[in-house]
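Inside the fold
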Amino acid sequence: GVGGDTVTVNVTGVNNAGNLVVKDNGNGTYTAIYAPTVSGIDHADVRLGGHGISGNVYTAIVNAGPVDSGHTTASIPPGTVGLASTVTVQARDALGNPRNVGGDTVTVNVTGVNNPGNLAVTDNGNGTYTAIYAPTVSGYDHADIRLGGAGISGNVYTAVVNAGPVDAGHTTASIPAGTVGLASTITVQARDALGNPRGIGGDTVTVSVSGANNPGSLSVTDNHNGTYTAVYAPTGEQCISEAVAT
């Protein structure tokens with residue numbers, strides 16, 4: 001019930017506060033205080049007269065502080081037409097520490113080329129929240145994400161939606177009227193099964209021209225943006241072109 005002992009407290013871990021000031025309360029108890037700024041695990045090495053006390057070293061869990069919309073973040077990966085796209089929200093405290101409990105009110109409203117509106121949000125009970133939608137149109141979508149009615153950090157988010165796999169049945173071509181003696185360019189636009197134009201190359205496209213000119217198979221240039229071009233100079237007045245994409 002009396003003081004006068006030499007007590008030391010050294011805190012390491014995510015906060016790493018080091019040696020704390022220890023107060024002798026004069027009644028056999030001693031107190032040391034620190035204010036953690038990072039959530040995670042801290043370790044307290046508590047010694048009396050230089051010797052570790054019973055149960056040493058002690059472990060303390062440091063939880064995140066109250067949720068703060070201004071530091072809460074979200075992850076929105078590039079989408080693909082026809083595939084589910086998942087928006088993930090990580091609730092954080094005012095110092096940016098991720099929270100590990102649920103219970104917050106999170107809303108996700110998606111507008112843009114797909115425009116599904118307010119999505120159903122799942123509380124995963126661990127500080128994260130998810131919302132899923134399946135885009136059908138390529139282009140750009142915008143996600144307005146709010147926590148407790150206030151926009152989160154980085155809001156409004158923009159997501160690129162890419163076209164789905166190439167589909168020959170929906171791929172199109174542009175073949176202008178030619179002029180004898182002048183180069184004529186055939187342009188192929190690769191598209192997915194929903195008709196969305198693709199923005200990347202890598203497809204196998206062949207163009208064969210027959211008719212009055214009959215140059216046969218042409219050299220096709222991959223423009224690496226979903227379009228392919230083939231050029232020839234007609235010498236006759238009629239021709240038939242066939243473009244095949246796979």
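Attention here is on the structure that accompanies the text. Just so it is clear, the structure is predicted and the values come from calculations on it, not from any experiment. Residue numbering note: each chain is counted from 1, following its sequence as written. In keeping with the model being predicted, local features are shown solely for residues with a pLDDT of at least 70 and side-chain atom pairs are shown and tallied solely at 80 or more, while totals for entire chains, interfaces and linings include all residues. Each side-chain value is worked out from all heavy atoms of the structure, with water and hydrogens disregarded.

1. Comments concerning the environment of Ala173
Basically, it comes down to this: Put simply, DSSP H or I for four residues or longer makes a helix, DSSP E for two residues or longer makes a strand, and each gets a number counted from the N terminus. Throughout, a contact is declared for two residues whenever any of their heavy atoms are within 4.5 Å.
With respect to the helices, strands and loops of the structure, Ala173 is situated in strand 18 (residues 172–174). With 56 residues separating them along the chain, Ala173 and Thr229 place their C-alpha atoms 9.4 Å apart. Once residues within four sequence positions are removed from consideration, Ala173 is found in contact with Thr187 and Val188.

2. Some remarks on the nonpolar core
In plain terms, the rule: Residues enter a nonpolar core if they are buried and are Ala, Val, Leu, Ile, Met, Phe, Trp, Tyr or Cys, with the set joined through side-chain atoms within 4.5 Å. Burial status follows relative accessibility: with a 1.4 Å probe on protein chains alone, a residue under 20% of its type maximum counts as buried, one over 50% as exposed, and anything between as partly exposed.
Counting residues in each nonpolar core, the largest one holds 20 residues, and the members touching the most others are Ile76, Val108, Ile145 and Tyr157. Listed by contribution, the elements that provide at least two residues to this core are strand 10 (85–90), strand 11 (106–112), strand 14 (128–133), strand 15 (139–147) and strand 17 (157–162). Residues in contact with Ile76, not counting those within four places in the same chain, are Val87, Ala143, Ile145, Tyr157 and Ala159. Formed by ten residues, the second largest nonpolar core is a distinct cluster that contains Val188, Val207, Tyr228 and Tyr232.

3. Let's talk about the pattern of salt bridges
Rules: Salt bridge, as used here: a side-chain nitrogen of Lys or Arg that lies within 4 Å of a carboxyl oxygen of Asp or Glu.
As enumerated under the stated definition, the model contains three salt bridges in all. For Arg47, the salt bridge is made with Asp45, and the minimal N-O distance between the two is 3.2 Å. With relative accessibility at 21%, the residue Asp45 sits in the partly exposed group. With a closest N to O distance of 3.2 Å, Asp144 and Arg146 form a salt bridge.

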